[in-house]
Amino acid sequence: MSGEFVALSDDRRWLAIPDGPGIGIWSLDPADWTDPACRIAGRNLTQTEWDRHLPSGEPYHVTCPRWNPPTD
């Protein structure tokens, strides 16, 4: 795409991407992903999503405390 870019910080901890009329800065540290993921999803992971995306053997728990656990 013409005129779009992605930039990685020298320490490889941050990613800058086009975001509307500005630039979005995203942390590449997984420890920083919970709050943005909850805000974007607006809900907790389902058991199926948990099983698919998280390490096996990790017991399910609510990841977004402000929302109720899913019913599936």
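These numbers were taken from a predicted model, which means no experiment stands behind them.

### Some details on the overall build of the protein
The helix and strand inventory of the protein stands at 2 helices and 3 strands. The helix and strand sequence of the protein, counted from the amino end, reads β-β-β-α-α. Taken over C-alpha atoms, the radius of gyration comes to 16 Å for the protein, far larger than the 11 Å a tight globule of 72 residues would show. Counting only C-alpha atoms, the protein reaches 45 × 25 × 20 Å along its principal axes. The buried share of the protein, taken over its 72 residues, is 14%. Looking at the protein alone, contacts between residues at least 24 apart form 20% of all its contacts between residues at least 6 apart.

### Considering the sheet that holds strand β2 (residues 14-19)
What the 3 strands build is an open sheet, ordered β1-β2-β3; its pairing is antiparallel. Each of the sheet's edge strands pairs with one partner strand only, and the pair in question is β1 (7-8) and β3 (22-27). Here β1 runs beside β2; their pairing, made up of 2 bridges, is antiparallel. Residue pairing across strands places Leu8 opposite Leu15, the latter belonging to β2.

### What about the pairing of β2?
Two faces make up the sheet, and in a regular strand the side chains alternate between them. Linkage of β1 to β2, two consecutive antiparallel strands, is achieved through a turn of 5 residues, within which Arg12 is found at a positive phi near 60°. Counting the residues in the hairpin turn of β2 and β3 gives 2 residues, including Gly20, whose phi is positive at 60°.

### Side note on unusual backbone geometry
Excluding glycine, residues mostly carry a negative phi; peptide bonds, for their part, are mostly trans. Non-glycine residue Arg12 carries a positive phi angle of around 60°. In this structure, Arg12 sits in the loop between β1 and β2.

### Brief notes about the environment of His53
Here His53 is to be found in helix α2 (residues 47-53). Once the C-alpha coordinates of His53 and Asp32 are considered, the two residues, 21 residues apart in sequence, prove to be 17 Å apart.

### What to know about the confidence of the model for the protein
The predicted structure's coordinates, where accompanied by low pLDDT, should not be read in detail. Across the protein, pLDDT averages 87, with 93% of residues at or above 70. Mean pLDDT values for the elements of the protein range from 87 in α2 up to 95 in β1.

### Quick look at the state of the cysteines
Under the counting rule described, the total for this entry stands at 1 disulfide. Covalent S-S linkage joins Cys38 and Cys64, the inter-sulfur distance amounting to 1.8 Å. Measuring the twist about the S-S bond at about -90°, one finds the Cys38-Cys64 disulfide to be left-handed. With Cys38 in helix α1 (residues 34-41) and Cys64 in the segment after α2, the pair connects residues that are 26 residues apart, well separated along the chain. For the residue pair Cys38 and Cys64, the accessibility class agrees, reading buried in each case.

Calculation criteria
Residues numbered from 1 in each chain as written. Predicted model: local features only at pLDDT ≥ 70, side-chain atom pairs only at ≥ 80, totals over all residues. Heavy atoms only, no water. Helix = DSSP H or I, 4+ residues; strand = E, 2+ residues; numbered from the N terminus. Rg over C-alpha atoms; globule rule 2.2 N^0.38 Å. Buried < 20%, exposed > 50% of the residue type's maximum accessible area, 1.4 Å probe, protein only. Contact = heavy atoms within 4.5 Å. Pairing = 2+ DSSP bridges. pLDDT = per-residue confidence, 0-100. Disulfide = S-S within 2.5 Å.

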